[in-house]
Amino acid sequence: MRAFPSNSAAPVAVGEYFRQKSAQVDEWLDRLLPREAEPPAEIHRAMRYSTFAGGKRLRPILAIATGEIFDADERALLPAACALEMIHTYSLIHDDLPAMDDDGLRRGRPTCHVVFGEAMAILAGDALLTQSFRTLAEPAGLGPERQLQVIAEVAQAAGTVRALIGGQVLDLQSEGKPIDGGRLDEIHRAKTGALIRCAVRVGALVGGAGERELAHLTEYGEKAGLAFQIADDVLDETSTSEQLGKTAGKDAAKNKATYAALYGIAGARERAAALCREAIEAARRASREARLLEEIARFIVERNS
Ligand code: GRG
């Protein structure tokens with residue numbers, strides 16, 4: 001299924017890759033989510049409203065790019081990649097709720113609770129999480145052992161131990177308190193990094209990567225995940241809400257600890273660049289076919305939204 005020369009010496013057109021794969025992810029998401037008219041229609045409208053609001057699709061694309069290194073079967077890879085986007089979208093819906101970040105803008109649109117009400121937004125998040133695991137449990141030709149491994153991997157990343165929900169808890173508990181770089185890393189390795197690391201591992205597992213490759217790719221995912229959050233903190237301070245599609249400057253306004261606040265904009269950029277270089281080295285150790293992962297690591301720190 002590889003449409004791009006990931007093993008070629010020529011620079012890979014990462015922008016074009018994102019465009020093609022985003023379109024493919026959107027097609028599969030459309031197939032995998034309940035139709036809008038399906039009763040009770042309101043919840044399906046809310047799920048689709050937030051899912052098809054124009055996200056970058058970074059997590060599914062990381063899973064796909066990693067799976068393609070091992071010539072993974074698209075019929076197993078695409079649903080698994082979409083399951084990750086469902087979880088990511090659920091986390092954004094819940095993160096924006098009044099009880100959490102209380103935000104009115106996401107992916108360039110009013111947030112789910114602003115349009116559908118708080119109760120429906122909570123349910124839309126819950127339903128996307130549930131649909132994600134239903135998708136992962138559908139027969140995918142992977143064999144039961146590998147399929148269970150993928151499901152367990154995603155459940156771990158979405159959970160509380162060094163994972164999405166646990167990171168959110170640490171983040172909430174740290175508000176208004178002085179925290180050091182180690183604690184900030186701990187929060188974001190969990191809150192943001194776990195799902196990015198998981199995306200790379202899911203792609204590798206679906207593709208049947210060996211232990212050695214999986215270890216190097218895991219390191220890539222961890223470094224790229226943290227670099228992503230540092231870049232996000234910098235963008236929060238240097239971009240407008242229009243550019244980001246979400247409310248800019250929110251963390252600073254809430255006096256939250258961020259990489260930009262802790263290290264300064266230049267210092268945070270340097271740290272992100274160093275992590276990007278380390279991620280690229282790990283990807284090279286994993287495979288000579290990992291050129292796209294190298295380009296995606298660069299995109300993660302150089303992006304402007
Ligand atoms: C409340 C039970 C319960 C669970 C939710 C809210 C939550 C747990 C976790 C929050 C996780 C979170 C929102 C992390 C932020 C990660 C981040 C930087 C998101 C932005 O990702 P992009 O830039 O967004 O990839 P797009 O819109 O492009 O997909």
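First things first, this report covers the structure right here in the doc. (Residues numbered from 1 in each chain as written. Predicted model: local features only at pLDDT ≥ 70, side-chain atom pairs only at ≥ 80, totals over all residues. Heavy atoms only, no water.)

Below, the discussion takes up the packing of aromatic side chains. This structure, assessed with the given rule, holds three aromatic pairs. Judged by centre distance (4.6 Å) and plane angle (40°), the ring pair of Phe-18 and Phe-299 falls under tilted. In this pair, Phe-18 sits in helix α1 (residues 14-32) while Phe-299 sits in helix α14 (residues 291-302), placing the two residues 281 residues apart along the sequence. On the basis of relative accessible area, Phe-299 is assigned to the partly exposed category, the value being 23%. Lying over the aromatic face of Tyr-49, Arg-109 brings its terminal NZ or CZ to 4.7 Å of the ring centre. A cation over an aromatic ring shows up here: Arg-303 above the ring of Phe-228, its NZ or CZ 3.9 Å from the ring centre. (Phe/Tyr/Trp six-rings, centres within 6.5 Å; stacked < 30°, edge-to-face > 60°. Helix = DSSP H or I, 4+ residues; strand = E, 2+ residues; numbered from the N terminus. Buried < 20%, exposed > 50% of the residue type's maximum accessible area, 1.4 Å probe, protein only. Lys NZ or Arg CZ within 6 Å of the ring centre and 35° of its normal.)

Next up on the list: the layout of surface pockets. Within this model, the largest pocket holds a volume of roughly 1,100 Å³. The wall of the largest pocket is formed by 47 residues, among which Leu-92, Asp-95, Arg-106, Asp-232 and Lys-246 lie closest to the centre. Those elements that provide at least two residues to the lining of the largest pocket are α3 (58-69), α4 (74-95), α8 (164-174), α9 (181-207), α10 (211-238), α11 (241-244) and α12 (250-253). With seven residues, α4 is the largest single contributor of residues to the lining of the largest pocket. Considering only residue class, the lining of the largest pocket consists of 13 nonpolar, 14 polar and 20 charged. (1 Å grid on protein atoms, 1.4 Å probe; cavity = no way out; pocket = protein on both sides within 12 Å on 5 of 7 lines; lining within 4 Å. Points joined across faces, edges and corners; volume = space filled by probe spheres on them. Nonpolar A, V, L, I, M, F, W, Y, C, P; charged D, E, K, R; others polar.)

Bringing the site of the ligand into the picture now. As a structural note, the neighbourhood of the ligand is formed by 19 residues, with Lys-56, Arg-59, His-88, Met-100 and Arg-107 the closest of them. Taking Arg-59, its side chain carries an N or O atom lying 2.8 Å from an oxygen atom of the ligand. The fraction of the free accessible surface of the ligand (750 Å²) that becomes covered by protein chains is 88%. When atom positions are compared with the pocket grids, the ligand is found to occupy the largest pocket. Among the residues making up the shell around the ligand, the classes are represented as six nonpolar, seven polar and six charged. (Near = heavy atom within 4 Å. Polar contact = N/O pair within 3.5 Å; in protein donor to acceptor, adjacent residues only side chain to side chain. Areas by Shrake-Rupley, 256 points an atom, 1.4 Å probe, with all protein chains shown as cover. Sits in = over half its atoms within 2 Å of the grid points.)

Read these as layout, nothing more, since geometry by itself doesn't imply function.
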